[in-house]
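Summary of the model geometry
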Amino acid sequence: MKQAAQYKLYRMQHKLAPLYFLLPALLLFGVFVLFPIFQSIWISLHKWDGFGPMKWVGINNYVRLIGDARFISSLKNNGLWLALMMLAPVFGLALALFLNQQVKGIRVIKSLFFFPFVINLVVIGLIFSWFYNPDLGLLAEIFKIFGLKPIPILADENLATYGIILAGIWPQTAYCLILYLTGLTGVNVQIVEAGRIDGAGGIKMLRHVILPQLRPATIVALTVTVIGSLRSFDLIAIMTAGGPWGSSYVLAYHMYDEAIFNYKMGYGAAIAVVLFLVMTVFIGLFLKNIISSEK
Amino acid sequence: MFPAPINRKPLPVRTLYVFAVIVILIIFLLPLAAILLTSIRPGSDISSGNYWGVPSRFALIENYGEVFNPARSPMLRYFVNSALITIPAVFVAILISSMAGFSLAVYRFKGRIALYAMFIAGNFIPYQILMIPVRTMFVKFGLFDTIFGLALFHTAFQTGFATFFLRNFIVTLPYSLIESARVEGATEIRIFRSIILPLLRPALASLGVLLFTFIWNDFFWALTLVQSDKARPITFGLSALKGQWLISWNLIAAGSVIAALPSVIVFFILQKQFIAGLTLGGVKE
């Protein structure tokens, strides 16, 4: 009898194991990540100042977005970020190919190249603000060498976004470099040597032999770069706070601004939902890739 | 090897290569070198326009002392706050994620792929979609502007990535180990504790350094969930001090070095684990 009860208990702990092991993670993730997504969608259908009662407005916030010049320019800037940040995987690959050699000290050199990636974006933003500073920045010094008048990049509404994106490309290049260098160590040596005997080399070899083998690295590099570029917020907050005259806004910053400074929670949430939907497309692509490799 | 090994090339080419590597490295790291140099420059250099030349005086102790002096700047406070937020969050996130990863990797229940996908997707979503509800919830439950609250949120958010990461690692472990333990009558908790956890050690090191840098470097959540010095981490603190120090670039530089240092140190000590983690398990060595 006692043995039967004990056996039953043993069966129970086995049967319930998937649940109780998952529970803490699921609970935390549910409360702080999943549930808030739905709440945001709900809030986006209301007019709300964050304190008083919420007033239902349906899709009104979304309709207003279309006529909001700042929203449109934020969207454009997000497009610009996305397009230009794609240079990071390209630079990363080029650097990786350049550094994939076995000479003395190369290990240390490689890790020095990784460096910018671990530094937080606040510090990177500060470094670049200073670099661009027309009075005391390095860029100004370089301009002076050529006898030119320094351009205040971050105070110029046509250049500010480009200046910030350049600051974003720098650490992202380091990240992509890490991915590609790791990928290159896994490239099949025999195939490369066989290709060489067949007379393939240089660009041809890169296109037909190396790049296909680097596919996993490319997928991760593209995913993290796309996500990173759509998430861009820190650098903008530090370097220009969206200025001058709102010219460097992106969706993430626009949303923050509307919610925190203008107390337009519903409107801010609507911007967040748009950004969320844009990112969902890319997240979906990445997931599809992962799930299909699962099967 | 691709490209063709430089070692097979004649000496001048090899020398040229090494030279090129060094030049490119210097250009690539110029911004960092500049900030290091500025952080040891006396304030008088900044006001007299000597921004890029040799520092007139070696002011390392003076600048860093000023930044770290609690009577003159709250930087030390921020640094301690960052540590108090980051370290517990890393440990708790790792603990609950290794349990969740174990569950998703070992048991074949319905919906496990969907749950796995959910953890991955959650890790990639834009922060802004969570901002208003999380901030409102924090205010309501007294978590707003507390170290505990910020640490709790980071723990929850990083659970997505950590579970994804550990689940992928546990899947590669030999299943027969678990089966034979079951035959011996071991409970599932015992299997997790005595078999899986010890095998996870290398993966936990990778994950630990990654989570450490993610959380230490966070700016957005600090900005939204904290408002006073008592809970402000160093990233947010540095951006706040930027206004106060305005033209004291030598102090901003020293503060930046301090804010960046912990991630850099962790990276250099555990570089191999760090890189293994960064590839998201997608790139095989």
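Cut-off values and rules
- Residues numbered from 1 in each chain as written.
- Chains lettered and ligands numbered in written order.
- Predicted model: local features only at pLDDT ≥ 70, side-chain atom pairs only at ≥ 80, totals over all residues.
- Helix = DSSP H or I, 4+ residues; strand = E, 2+ residues; numbered from the N terminus.
- Rg over C-alpha atoms; globule rule 2.2 N^0.38 Å.
- Buried ≥ 20, exposed ≤ 12 C-beta atoms within 10 Å, placed from the backbone.
- Contact = placed C-beta atoms within 7 Å.
- Expected span 1.5 Å × (residues − 1).
- Nonpolar A, V, L, I, M, F, W, Y, C, P; charged D, E, K, R; others polar.
- Axes fitted to C-alpha atoms, helices over the stretch in contact; angles between N-to-C directions.
- Parallel < 35°, antiparallel > 145°, perpendicular 65-115°, else oblique.
- Left-handed = near helix turned anticlockwise from the far one by under 90°.
- Domains from an automatic or database assignment.
- Core = buried A, V, L, I, M, F, W, Y, C linked by C-beta atoms within 7 Å.

1. Brief notes about the overall build of chain A
Broken down by element type, chain A carries 14 helices and two strands. Relative to the globule expectation of 19 Å for 295 residues, the C-alpha radius of gyration of chain A, 25 Å, shows a markedly less compact shape. When its C-alpha atoms are laid out on the principal axes, chain A stretches across 85 × 60 × 30 Å. The burial tally for chain A puts 44% of its 295 residues in the buried class. A fraction of 70% describes how many contacts in chain A between residues 6 or more apart in sequence connect residues 24 or more apart.

2. Concerning helix H11 (residues 215-231) of chain A
Residues and elements named next belong to chain A. Taking 1.5 Å per residue, 17 residues should reach 24 Å; H11 reaches 24 Å between its end C-alpha atoms and fits that length. Within the sequence span of H11, burial applies to Pro216, Ala217, Val220, Ala221, Val224, Thr225, Val226, Ser229, Leu230 and Arg231. Residues of H11 that are buried in the fold lie against helix H3 (69-85), helix H4 (87-99), helix H8 (160-185), helix H13 (251-261) and helix H14 (265-294).

3. Some remarks on the interface of chain B and chain A
The extent of an interface is frequently quoted as the accessible surface area lost upon association of the parts. Each partner contributes residues to the interface: chain B has 76 residues there, and chain A has 82 residues. Residue composition of the side of chain B that touches chain A, grouped by class: 53 nonpolar, 19 polar and four charged.

4. Focus: the packing of helix H6 (residues 121-132) of chain A against H8 of chain A
Two quantities define a packed helix pair, namely the angle between the helix axes and the distance between the axes. Residue and element names in this part refer to chain A. Across the interface, H6 lies against H8 with an axial gap of 10 Å and an inter-helix angle of 130°. With respect to their mutual orientation, H6 and H8 come out oblique. Once H6 is placed against H8, the crossing between them reads as right-handed. Contacts between H6 and H8 involve Ile124, Gly125, Phe128 and Tyr132 from the former and Gly163, Ala167, Trp170 and Pro171 from the latter. Classifying every residue of the contact of H6 with H8 by side-chain character gives six nonpolar, two polar and no charged.

5. Quick word on the environment of alanine 105 of chain B
Residues and elements named next belong to chain B. Here alanine 105 shows up in helix H4 (residues 75-106). A tally of 20 C-beta atoms within 10 Å means that alanine 105 is categorised as buried. In sequence terms alanine 105 and alanine 71 are 34 residues apart; their C-alpha atoms lie 52 Å from each other. What alanine 105 contacts, discounting residues up to four positions off in sequence, is Arg167, Ile170 and Val171.

6. Some words on the domain arrangement of chain B
All names here are of chain B. When its domains are assigned, chain B resolves into domain 1 (6-68) and domain 2 (75-278). Computed over C-alpha atoms, the centres of domain 1 and domain 2 are 33 Å apart. Opposite the 14 residues of domain 1 that make contact, domain 2 presents 13 residues. Taken together, the elements giving at least two residues each to the side of domain 1 that touches domain 2 come down to helix H1 (11-39), helix H2 (43-47) and helix H3 (60-68). In terms of residue count, the dominant contributor to the side of domain 1 that touches domain 2 is H3 (five residues). For the side of domain 1 that touches domain 2, a count of residues per class yields eight nonpolar, four polar and two charged.

7. Side note on unusual backbone geometry
In this model, glycine 243 of chain A is joined to proline 244 of chain A through a cis peptide bond whose omega is -5°. Along the chain, the position of proline 244 of chain A falls in the loop between helix H12 (234-239) and H13. Despite not being glycine, tryptophan 245 of chain A has its phi angle at roughly 50°, a positive value. For tryptophan 245 of chain A, the location among the structural elements is in the loop between H12 and H13. With 9 C-beta atoms packed within 10 Å, tryptophan 245 of chain A lands in the exposed category. One non-glycine residue, aspartate 145 of chain B, adopts positive backbone phi at about 65°. Within the element layout of this structure, aspartate 145 of chain B appears in the loop between helix H6 (128-140) and helix H7 (147-171).

8. Thoughts on H13 of chain A
With respect to burial, H13 of chain A is a largely interior element, nine of its eleven residues being buried. For H13 of chain A, the set of buried residues is Leu251, Ala252, Tyr253, His254, Met255, Tyr256, Asp257, Glu258 and Ala259 of chain A. Residues of H13 of chain A that are buried sit in contact with H3, H11, H12 and H14 of chain A together with H6 of chain B. One or two steps after H13 of chain A, the chain reaches tyrosine 263 of chain A, where phi turns positive at roughly 55°.

9. What to know about the nonpolar core
Leu177, Ile178, Tyr180, Ile271 and Leu275 of chain A are the most contacted members of the largest nonpolar core, which has 175 residues in total. The dominant element in this core, judged by the number of residues it contributes, is H4 of chain B, at 15 residues. Contacts of leucine 177 of chain A, omitting those with residues within four sequence positions, involve Gly92, Leu95, Ala96, Phe113 and Phe114 of chain A.

10. What to know about the domain arrangement of chain A
Residue and element names in this part refer to chain A. Per the domain assignment, the segments of chain A are domain 1 (32-67 + 263-295) and domain 2 (71-260). For domain 1 and domain 2, the distance between their C-alpha centres works out to 28 Å. The interface is formed by 14 residues belonging to domain 1 together with twelve residues belonging to domain 2. In terms of residues, the side of domain 1 that touches domain 2 owes the most to one element, H14, which gives twelve residues. Taken together, the residues of the side of domain 1 that touches domain 2 sort by class into eleven nonpolar, two polar and one charged.

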